[in-house]
Amino acid sequence: MLVKIKWNKQVFDDVELDPSNGVEVFKSQIYSLTGVPMDRQKLMAKGAWIGVLKDDADMTKLKIKDGQQITLMGTAEVIAAPEVQVQFVEDMTDAEKAEKGTVEPAGLQNLGNTCYMNSTIQCVRHMPELREALSVVNPSGPMEKFTVALRETFNQLDRSTQAMPPMQFVSLLRSMFPQYAQTSERSGGYVQQDAEEFYNTMVQTLSSGLQNAGKSLSSYLEFEVEETMSCAESELEQSVTRRERMNKLVCNIQGGSGSTSGVDHLQEGLKLAMEGTVEKNSEILGRNAVWNKKQRLSQLPRYICVQFMRFFWKPTPESMDHAGVKCKILRPVSYPEVLDVYEFCNEKLQTGLRANREKAEKIAEEYYAKKFKASEDADVAASSAANSSSEGTAMEIDDAPASTESKTPDTETVDFGEGIPSDFRGQYELMGVVTHKGRSANSGHYIGWVRQAPESHIWWKYDDDKVTEVSTADIMELKGGGDWHTAYLNFYRYKC
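Enquirer: Would you mind going over the overall build of the protein chain in detail, with residue names and values included?
Expert: In terms of regular secondary structure, the protein chain is built from 10 helices and 18 strands. Burial analysis of the protein chain (496 residues in total) assigns 41% to the buried set. Of the contacts formed within the protein chain by residues at least 6 apart in sequence, a portion of 66% connects residues at least 24 apart. Taken as a whole, the protein chain presents about 27100 Å² of accessible surface, with 48% of it coming from carbon and sulfur.

Put into structure tokens, the structure is as follows:
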């Protein structure tokens, strides 16, 4: 039979309808005519069926007549023109391919045991906020020249599709800091350096370079720690509180000389480093006494570096020089993909984080309650439409997300740190890892591992000039325990 389709001001005459084909086939015909997606189509026909045509209706049992007018309600799909002209990969230059991310990112060539530097640079390279701050620095002095050299190394990596030699940066590093130019008495080549020591050098130099340019590193990699000292032997001794800035947290790993227990998880090691006892003078007692030390974060950064304390000096009294040797702790220490810093914050920050978490939980409860009610209302509306005897109009069910505005009274806003949002809940996502492979602290090999994007499960493995893809599962296996790659520096990025 032939029917007429009326859609807004348009009328499609002589549309063929075979009731035995069902509703789905009929709707697909209408889609080809009008462009209205099948799930948006609301079909009504006076005298043929009641209300809106259901998808599971048996059309052979409906009272459809030849020449029947069927009214369609619904909006057609609109295909927007692309805002940016499509560019094919084969038409791109190498620099464009690198910037668009259509090829693997570039690695850094090893210029004589520089893997400690290459791995750390690749992790810091993926911190966009820091890179934006570096963009305003001019090479007016030594610290600024170092900052600009690092910035240019980042930019060259962005534009390159092949591994590049960081000649300018390495040359400047070795001239400004001679310890990185040390050579072996045996081979004459450059000796292996410590990635954590290089990280400290880099951050301190960048801090000076940015400060001289009117910028600050405090909101990116530096944070404030509140330390409280209380005498364990006298309550009359007044506690002492001081604040200092740091560029990393330390995870203590018991396992060196004289230890009887070990740390299995990152949180345990952080707490061990932030709490303990020291011996110092007590004015009340008139002698040295035991004091309890407790450190807590009082200002948060956008990125937190965590160092696993894997290297320690072992005394060698029987050796000729009595200099001791630097040893490595191989003990496996697991770490979370998302680090919660709540327990490591001072009381003021905890108050703000707790309020934000309670607010987020309440918003989530309200949202899902509204979704559930909307679902129930939709069922009632559908039932009413099916039982209606009038043509009426189609009912639109609002499926928009519930408002995220909290109905709870506003509390005092806590300043978590520059660049940290006021609704921050204290969670940091693992975004970079520097590992060390080998049993010796003075040799071995460093590799950088970087998450491709926030919440992505794909990572880049930067093994000097070789760059490959790995998964989050691979990253979580870098906890140590043998000769495999062992996490030494972990970089965490704040979660919005």
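Enquirer: Please give an account of the sheet that holds strand β2 (residues 10–16) that cites residues and values.
Expert: If you walk across this open sheet you meet the 4 strands as β2-β1-β4-β3, and the pairing is mixed. In this open sheet, the two edge strands, each paired with only one partner strand, are β2 and β3 (42–44). Between one strand axis and the next, the sheet turns by 25° as a mean value, whatever way the strands run. With 3 bridges connecting them, β3 and strand β4 (residues 69–73) associate as antiparallel partners. Directly across from M44, in β4, lies its bridge partner T71. Together, β1 (2–7), β2, β3 and β4 form the strand contacts of helix α1 (residues 23–34), whose direction differs from that of β2 by roughly 135°.

Enquirer: Describe the sheet that holds strand β6 (residues 240–246), with residues and values.
Expert: In spatial order, the strands read β6-β5-β9-β8; together these 4 strands make up an open sheet with antiparallel pairing. Where the open sheet ends on each side, the last strands, each with one partner, are β6 and β8 (275–282). Sheet twist, expressed as the mean angle between neighbouring strand axes with direction ignored, is 35°. The strands touched by helix α8 (residues 266–274) are β8 and β9 (287–299); relative to β9, the strand with the most contacts, the crossing angle is about 130°.

Enquirer: If you had to explain helix α6 (residues 167–176) to someone new, which residues and values would you point to?
Expert: Within α6, the full set of buried residues consists of F169, V170, L172, L173 and R174. Tucked inside the fold, the buried residues of α6 contact α3 (115–125), α5 (142–159) and α7 (195–212).

Enquirer: Account for the state of the cysteines, naming residues and giving values.
Expert: All chains considered together, the criterion is met by 0 disulfides. The cysteine C123 is free of any disulfide, with C305 supplying the nearest cysteine sulfur at 8.9 Å.

Enquirer: Got a sec to walk through the packing of aromatic side chains? Specific residues and values, please.
Expert: Summed over all chains, the structure comprises 13 aromatic pairs. On the numbers, 5.1 Å between centres and 55° between planes, the contact of F146 with F169 is tilted. Taken together, the residues F146 in helix α5 and F169 in helix α6 connect sequence positions 23 residues apart. Look at F169 and you get buried, because its relative accessible area is 1%. Summarising the aromatic geometry, the rings of F424 and Y428 are spaced 5.5 Å apart at their centres and angled 85° between planes, so their arrangement reads as edge-to-face. Like Y428, F424 is buried. Aromatic ring contacts, followed pair by pair, group Y116, F146, F169, F177, Y180 and F198 into a single cluster. Across from the ring centre of Y190, 3.5 Å away, lies the NZ or CZ of R174, which sits over that ring. The ring of W291 has K280 lying over it, and the distance from NZ or CZ to the ring centre is 4.6 Å.

Rules used throughout
- Per chain, residues are indexed from 1 in the order of the written sequence.
- Given that the model is predicted, a residue must reach a pLDDT of at least 70 before its local features are reported, and side-chain atom pairs must reach 80 or more before they are shown or counted; all residues, however, enter totals for whole chains, interfaces and linings.
- Values shown for side chains rest on all heavy atoms present in the structure; no hydrogens or waters enter the calculation.
- In this description a helix means any DSSP run of H or I spanning at least four residues, a strand means any run of E spanning at least two, and both kinds are numbered starting from the N terminus.
- A simple rule labels every residue: compare its accessible area, found with a 1.4 Å probe on the protein chains alone, to the largest value its type can have, and call it buried under 20%, exposed over 50%, or partly exposed in between.
- Only heavy atoms matter for contacts: two residues are in contact if any of them lie within 4.5 Å across the pair.
- Method for areas: the Shrake-Rupley scheme with a 1.4 Å probe, in which residue coverage is limited to the protein chains shown.
- Pairs of strands are assigned from DSSP output, requiring at least two bridges between the strands.
- Every angle, taken between N-to-C directions, lies between 0 and 180 degrees, and every axis is a line fitted to C-alpha atoms, over only the stretch in contact when it is a helix.
- We call a pair of cysteine sulfur atoms a disulfide when they lie within 2.5 Å.
- Two aromatic rings from Phe, Tyr or Trp, using only the six-membered ring of Trp, form a pair when their centres are within 6.5 Å; if the ring planes differ by under 30 degrees the pair is stacked, by over 60 it is edge-to-face, and anything between is tilted.
- As a reminder, the over-ring test applies to NZ of lysine and CZ of arginine, requiring each to be within 6 Å of the ring centre and within 35 degrees of the ring normal.

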